[in-house]
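# Understanding the architecture of this molecule
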Amino acid sequence: MSARPPPARPHIGVHSSYFSSHSSGAADWAEDDAWDSGSDSESQNPSTSSNNWTPKPVPRPTLNNSSSTLAFSYTHVSAPSPSSYSHKEENQIHKHGWTIVRKSSDQRERRGSGSHEKEGEIGGEVDVEGEMVLGDMEPEIIEHIPFRQDQGTIREDVDEIVNDPLHLISRRLGKAKSEDPISGRASPEGNQSPERLQRERSIRTNRRHRFVNCLLQEDINIGSSPIAVTPVPLLRLCEAQLRKLAWQGIPNDLRPIVWPLLLGYMPLPSPLRSSTLKRKREEYASLVEVTFARDRRGLDQQIWHQIEIDVPRTRPGVRLWMHACTQRSLERILYVWAIRHPASGYVQGINDLVTPFFQVFLSAYIETDVEEFDPTILPPNVLNAIEADSFWCLSRLLDGIQDNYIAGQPGIHRSVKRMAELVARIDPPLAAHLASQNVEFMQFAFRWMNCLLMREISVRNTIRMWDTYLAEGADAFSQFHLYVCSAFLVKWSEKLRGMDFQGIIMFLQSLPTQGWTDHDIEMLLSEAFVLSSTWHNAQSHFSGN
Amino acid sequence: MSKQFQFKLVLLGESAVGKSSLVLRFVKDQFDDYRESTIGAAFLTQTVTLEDQTTVKFEIWDTAGQERYKSLAPMYYRNANCAVVVYDITQSASLDKAKTWIRELQRQADPNIVIALCGNKTDLSARRQVTQEEAQKYAEEEGLMWGETSAKSGEGVSEIFTAIAKKLPLTAPPPKTAARGAPGAAGGRGVDLNRQPAPGQNEPCNC
């Protein structure tokens, strides 16, 4: 990969020279030739020319593809009944004890998901822990619905969205919404004056407008002039603006558009946008078809076995991921990626990394809680599009951290080592205490690198974090992540320094982040940014005395 | 006065044979049908009390099973006093993998390490691929403890850990309780209250 230009970060002026390495012009978007495998050409398979392919079901003797087959067991979920309410409430101060409050102005439909392993819903809800209100919410709308049997609701305009994700914007512009379910800015104070709420709301609305302007400005410009003469600097300026905005969090409804743009999966100009998406989805369809053309004996048994073991235990207890239909998608994504990357193959933890993409892309097409959604009610072409988009975006993300998953996992070892060195510089008492207790960084930070902190924070938190990582650029998942992990550790410094070996290790493997909101993540990201500004390109100081 | 000991135990074995479930049953008496895969390793502790009121505290490192994580394993078994190598009785390949781990332990780990071979998932015995005779015979040849368990039902779980506790050298202080192999590791951790000046042969070098 070519040298990465500095990303657009907060507090840094945007220069028109800040571009991602794969966006040097409109034509490059269409070529989209940055894939690592080099197998793109072979997969331009004319036999799969339709968007409506249905992937050949992967042979699985005992599993049924129907929606009614929920291959899971909830450990804490009780069936909905009038009496289950109070019982659940008592149980909620449990390992993951919290209540989810959904705030939504355009539909009066709300739900709780109190029994989830992790809270990861990406709608506009905020967290309430005990009596303390952690977000800007309307307290009267707290509602507990322990378990919903319905399958969720699909947007009426899925066909438009699947063909052109920017339809999400134009549709909303038409609706002139009163409020935006934006992910950002859950404020730590509970008692807020109406003025303050108003102000925050208006800040968010403003931010959203800037996003939309950025996305549409390009669209309008391109639409009014031939692509060939589109001023390239304008394209780049837009991208730089987009990165700068995204660093501070992307509104939920725009994320399915902005993530693929930041990853370089989707080009911004509209004529290229639709055709590129169509082509990449077809390409993925043909990859799936070729890969699973023969029965399961034709698969790499070792890889397939591992994936087959891990898929049912990916986000266990979350309805979306317990559906056979979602699990088959996950299997295909993981297996196709693994055989295209023989140096790493499938490594445990990569399954976790698919879930934010899948949930974000799914959210574009539905109106209800992503994690409660039954994907079998989606039209096949939409489900295939979600799967393909998730695959390509996962591929782009993993391109930046392949070292983490090849033999010996050198990327992780390097990152953990650097993290230990950095912590020794930024928090010497903590580093000394860990050393005195014989705690090795590898004992806890290995997982932090391998799963990008996804085992430490909720999917919702992860999604917010990835807004910033994607804005940072391709190598943020290895470089910037190192600073995030260091800031994350130092955050618990005082507690850790009062603990012995056993206490430290046990604490670090079940950190109290369940109630974390976007605000906590943003604090962490800011701290990481400060560290990164101070210490990046200062490696010689890292391992100093 | 009752004696208290502390030992380091490591779990090894192929992916999805039930290592984490076995520990969860032992430590918390719980079972989940689906648990997230272990990444790196997880740390837990549990104490067992023997008939003579001796208490044995296990510091357990539950390792990840996937081959890719193999390079991390030495960090966890390096100073282990005992190892539980788990296979799945419904997957004959998992016994082969267990044998590989046992060979590695015999070569690389502390020569006095107590190794138990554990066949898990007896609740699925209808799909059994590894007979008791086969596994037991192998264990005898290699001088290992052996037992079968079901983390799901709880069958045999506490038995195997208790058996290990009894097999450990409880007459003398454990060779080294420190998981990390550095001097002074046991200090400040409130363990081994009966620790006496160790006889020379039981004290590894303090390098």
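From a predicted model like this one, the values you see are computed outputs, not experimental measurements. (Residues numbered from 1 in each chain as written. Chains lettered and ligands numbered in written order. Predicted model: local features only at pLDDT ≥ 70, side-chain atom pairs only at ≥ 80, totals over all residues. Heavy atoms only, no water.)

## A few points about the pattern of salt bridges
If charged atoms from side chains of opposite charge come close, those side chains can pair. Using the following cut-off: Whenever a carboxyl oxygen of Asp or Glu lies within 4 Å of a side-chain nitrogen of Lys or Arg, that contact is scored as a salt bridge. By definition, any uninterrupted DSSP run of H or I lasting at least four residues is a helix, any uninterrupted run of E lasting at least two residues is a strand, and each is numbered from the N terminus. The buried label applies to any residue whose accessible area, calculated with a 1.4 Å probe on protein chains only, is under 20% of its type's maximum; exposed applies above 50%, and partly exposed to all values in between.
On inspection of all chains with the given rule, the structure shows 32 salt bridges over all chains. With a closest N to O distance of 3.4 Å, B:Arg35 and B:Asp32 form a salt bridge. Across the pair B:Arg128 and B:Glu148 runs a salt bridge whose closest N-O atoms are separated by 2.8 Å. Of this pair, B:Arg128 sits in the loop between strand E5 (114–120) and helix H4 (132–142) while B:Glu148 sits in strand E6 (residues 145–148); the two residues are 20 residues apart in sequence, bridging distant segments of the chain. Look at B:Glu148 and you get buried, because its relative accessible area is 15%. Each of the salt bridges in this network shares a partner with another, and the network as a whole consists of A:Asp352, A:Arg455 and B:Glu36.

## Describing the pairing of strand E3 (residues 55–63) of chain B
Residue and element names in this part refer to chain B. Where we set the bar: At least two DSSP bridges between two strands are needed for those strands to be called paired.
Counting buried positions along E3 yields 9 of 9 residues, so the element is predominantly enclosed. Of the two faces of E3, the one lined by Thr-55, Lys-57, Glu-59, Trp-61 and Thr-63 and the one lined by Val-56, Phe-58, Ile-60 and Asp-62 are each fully buried. Two elements, strand E1 (residues 4–13) and E3, share 8 bridges in a ladder whose sense is parallel. Across the sheet, residue Val-10 finds its bridge partner in E3, namely Trp-61. Pairing analysis gives 9 bridges linking strand E2 (residues 41–49) to E3, with the strands arranged antiparallel. Each residue of the ladder has a partner; that of Val-48, found in E3, is Val-56.

## Overview of the domain arrangement of chain A
All names here are of chain A. Quick note on the threshold: Domain segmentation is taken from an automatic or database assignment of domains. Contacts are residue-level and defined by heavy atoms, with any inter-residue pair within 4.5 Å sufficient. For any pair of parts, buried area is found by adding up, for both, the accessible area (1.4 Å probe) each one loses once the two are put together. Pairs of N or O atoms are called polar contacts if they sit within 3.5 Å, as long as, within protein, a hydrogen donor faces a hydrogen acceptor (for residues adjacent in sequence, only side-chain-to-side-chain pairs). Three categories are distinguished: nonpolar for Ala, Val, Leu, Ile, Met, Phe, Trp, Tyr, Cys and Pro, charged for Asp, Glu, Lys and Arg, and polar for the others, with Gly belonging to the last.
Here chain A is partitioned into domain 1 (206–214 + 232–250), domain 2 (253–400) and domain 3 (408–540). Domain 2 puts 18 residues into the contact, and the matching count from domain 3 is 16 residues. Its largest share of buried area at the contact with domain 3, domain 2 owes to Trp-259, Asp-352 and Leu-397, together 32% of the area lost on that side. If you look at where domain 2 meets domain 3, you find 2 salt bridges. Arg-455 serves as the salt-bridge partner of Asp-352, at 2.8 Å between the closest nitrogen and oxygen. Our count for the contact surface shared by domain 2 and domain 3 stands at 4 residue pairs in polar contact (both at pLDDT 80 or more). Those elements giving two or more residues to the side of domain 2 that touches domain 3 turn out to be helix H7 (255–262) and helix H12 (350–363). For the side of domain 2 that touches domain 3, the element with the highest residue contribution is H12, accounting for 7 residues. Residues belonging to the side of domain 2 that touches domain 3 are distributed by class as follows: 9 nonpolar, 5 polar and 4 charged.

## Section: the interface of chain A and chain B
Put simply, an interface is often sized by how much accessible area is lost when its parts join up. Listed as interface residues are 41 residues of chain A and, on the opposing side, 33 residues of chain B. Buried surface at the junction of chain A and chain B, both sides included, amounts to about 3,100 Å², of which 52% is carbon and sulfur. Three residues stand out in chain A for area buried against chain B, namely A:Arg313, A:Gln348 and A:Asn438, and they jointly supply 18% of the buried area on that side. The tally of links between chain A and chain B comes to 1 salt bridge. Salt-bridge contacts for B:Glu36 lead to A:Arg455; the nearest nitrogen and oxygen are separated by 3.7 Å. On inspection of chain A and its partner chain B, the count reaches 13 residue pairs in polar contact (both at pLDDT 80 or more). Taken together, the elements giving at least two residues each to the side of chain A that touches chain B come down to helix H9 (301–310), helix H16 (442–450) and helix H20 (501–509) of chain A. Classifying every residue of the side of chain A that touches chain B gives 17 nonpolar, 16 polar and 8 charged.

## Thoughts on the nonpolar core
Selection criterion: In these notes, a set of buried Ala, Val, Leu, Ile, Met, Phe, Trp, Tyr and Cys residues joined through side-chain atoms within 4.5 Å is what counts as a nonpolar core.
Ranked by internal contacts, the top residues of the largest apolar core, which has 164 residues, are A:Leu353, A:Tyr365, A:Met419, A:Trp448, A:Trp466 and A:Leu489. Of the residues forming this core, the biggest block, 11 residues, is contributed by helix H13 (residues 380–399) of chain A. If sequence neighbours within four positions are ignored, A:Leu489 has contacts with A:Met419, A:Val423, A:Leu430, A:Leu434, A:Phe441, A:Phe444, A:Trp448, A:Leu496 and A:Leu508. Counting 31 residues, the second-largest nonpolar core is a separate cluster that includes B:Phe7, B:Leu22, B:Ala116 and B:Leu170.

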